[in-house]
Amino acid sequence: MMMVEQGFLSGALRSQKDQRADKEFAAYLKELGKYQKKAYNVKYKLRKQRKSQRESLMQQQGMTREEAEAKLGPLEIPKDENPPPTPVASSYFMQRQARIEPEAKKLACILRKNPNVDLNVLGEFLGEPLQLNHLVRESFVSTFNFRGLSIDAALRTFLESFRLPKEAQQIDRCLQSFSSSFHEQNPSYMESEDGVYTLVFSLIMLTTDLHNPLVPKKMSLDQYLVNTRNIDDGDDVPREELERLYKDISEREIVMSGRGSGIEVGYELWKDIIHRSRIFEAPPYNVVAESHHPPLLVDKEIFSRIWGELLSVLSSVYSKARQEHVIKLVERAYKLIAELGAAFNQQDALESAVLALGRHTALLVLGGSNGATKEKKGSGQASSSSSSSSSGSSSN
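Overview of the structure. Values in this document were obtained by computation on a predicted structure and should not be read as measured data. (Residues numbered from 1 in each chain as written. Predicted model: local features only at pLDDT ≥ 70, side-chain atom pairs only at ≥ 80, totals over all residues. Heavy atoms only, no water.)

A few points about the environment of Leu-122
Part 1 of the reasoning: Summarising the element assignment, Leu-122 is placed in helix α5 (residues 119-126).
Part 2 of the reasoning: On the accessibility criterion, Leu-122 (3% relative accessible area) is buried.
Part 3 of the reasoning: Along the sequence, Leu-122 and Arg-163 sit 41 residues apart, while their C-alpha atoms lie 7.3 Å from each other. (Helix = DSSP H or I, 4+ residues; strand = E, 2+ residues; numbered from the N terminus. Buried < 20%, exposed > 50% of the residue type's maximum accessible area, 1.4 Å probe, protein only.)

Here is the structure:
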């Protein structure tokens, strides 16, 4: 709201200072782009020469890629004597950036999490070249966690949050921001963000080629491999990775219309959650005194509100599950609910989890009015009743 009042979101309301700041900002980005392109070209040429030398060693001397790299030694890239362009602190756009950057971050969080945001309007806004749009776009991309994700899964997750605009320059700005963020979080995947950007753009082109019914002749794997040669700053992306990307995209296209935002959990976001739950180790659960840790009271309140619904879902899944790994996951979830029920001193949750698991696994056999009485007993009484009933049944 504050930015609307200050005239940052409307071209008609922007003051002359704002317009001048945007012009200065555009000029700075242009100079920075020229510097980065020059540095990229130098690095591209050197890495391409090194690739040729490496392949020559592999063919003539029968070396592996690693052996050839070790023999060639580290690649030395000369430092540019000219420093990169730096903005002047007294410039209009730097002064305005200090003023609006905190608000831009807040706006990015709102746009990312609000399910009522129009994804078409959001895509158009993120693709605009003005300083505010740039700051919001960078902050918006920073809300994603791409660490450890494959590039196609990260791109799918990113494109679920808004509708990719139609104008080429707007698409370019959005993909540049994504590539920069992905490279920052996965620096070992490719040599630079320029290489990531080129690969990302090739994936967009590939999904359009393979899944657009208006394209009669589809791109083959060999054609895709040729089109992506030397994109890693003069070197090649490993063939295995390119083959995997081609296979995944041929089976399921990258949707660029935006299917979810805010609190909605799209397919790719759900895959992201599952992926991170497997690769990042969670801290161990410790039972601590509530008086010393007030935040635990919040956890207890949340648990008291959701454990019933969780058990209902688990019961439905368990009754229909046929795969062994699904059954084990549900059994583990039952165990966790029981442990939390004990930790939070919520006897109903503990007993319900134990009884539900007992019914599904046939460890607890109930019948008649006696069974109803047994359900209401504590765990100790239940075990003694179970043992006595089993001895009685054996004598019968």
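A look at the layout of surface pockets
Part 1 of the reasoning: Looking at the largest pocket, its volume works out to about 1,300 Å³.
Part 2 of the reasoning: What lines the largest pocket is a set of 39 residues, among which Leu-29, Leu-32, Gly-33, Gln-36 and Gln-176 lie closest to the centre.
Part 3 of the reasoning: Taken together, the elements giving at least two residues each to the lining of the largest pocket come down to α2 (16-61), α4 (92-113), α6 (131-142), α8 (168-185) and α9 (193-211).
Part 4 of the reasoning: For the lining of the largest pocket, the element with the highest residue contribution is α2, accounting for 14 residues.
Part 5 of the reasoning: Within the lining of the largest pocket, the residues separate by chemical class into 15 nonpolar, 11 polar and 13 charged. (1 Å grid on protein atoms, 1.4 Å probe; cavity = no way out; pocket = protein on both sides within 12 Å on 5 of 7 lines; lining within 4 Å. Points joined across faces, edges and corners; volume = space filled by probe spheres on them. Nonpolar A, V, L, I, M, F, W, Y, C, P; charged D, E, K, R; others polar.)

So, the pattern of salt bridges
Part 1 of the reasoning: Applying the stated criterion to the full structure yields 20 salt bridges.
Part 2 of the reasoning: Put simply, Asp-22 and Arg-96 hold a salt bridge, and the shortest N to O gap is 2.5 Å. Placement of the pair is Asp-22 in helix α2 and Arg-96 in helix α4, with a sequence separation of 74 residues. The exposure classification of Asp-22 matches that of Arg-96, with both residues buried.
Part 3 of the reasoning: Of the charged contacts in the structure, one is a salt bridge between Arg-244 and Asp-152, with a shortest N-O distance of 3.1 Å. Of this pair, Arg-244 sits in helix α11 (residues 239-251) while Asp-152 sits in helix α7 (residues 151-159), and the two are 92 residues apart along the sequence. (Salt bridge = Lys/Arg side-chain N within 4 Å of Asp/Glu carboxyl O.)

Considering the nonpolar core
Part 1 of the reasoning: Counting residues in each nonpolar core, the largest one holds 49 residues, and the members touching the most others are Val-136, Phe-140, Phe-146, Leu-155, Phe-158 and Phe-162.
Part 2 of the reasoning: For this core, the element with the most residues is α9, which contributes 8 residues.
Part 3 of the reasoning: Setting aside chain neighbours within four positions, we find Val-136 in contact with Ala-104, Leu-107, Ala-108, Leu-111, Phe-125 and Leu-126.
Part 4 of the reasoning: Counting 15 residues, the second-largest nonpolar core is a separate cluster that includes Trp-307, Tyr-318, Ile-327 and Ala-356. (Core = buried A, V, L, I, M, F, W, Y, C linked by side-chain atoms within 4.5 Å. Contact = heavy atoms within 4.5 Å.)

Description of the environment of Val-326
Part 1 of the reasoning: Following the sequence through the fold, Val-326 ends up in helix α14 (residues 324-343).
Part 2 of the reasoning: Not counting the four nearest positions on each side in its chain, Val-326 is found in contact with Val-317 and Ala-321.

Some points on a nonpolar patch on the surface
Part 1 of the reasoning: A contiguous nonpolar patch, built from Val-42, Leu-75 and Ile-77 and spanning about 200 Å² of accessible area, is present on the exposed surface.
Part 2 of the reasoning: By secondary structure assignment, the location of Val-42 is in helix α2.
Part 3 of the reasoning: With relative accessibility at 36%, the residue Val-42 sits in the partly exposed group. (Patch = residues over 30% accessible without salt bridge, like charges linked within 9 Å, V, L, I, M, F, W, Y side chains within 5 Å. Areas by Shrake-Rupley, 256 points an atom, 1.4 Å probe, with all protein chains shown as cover.)

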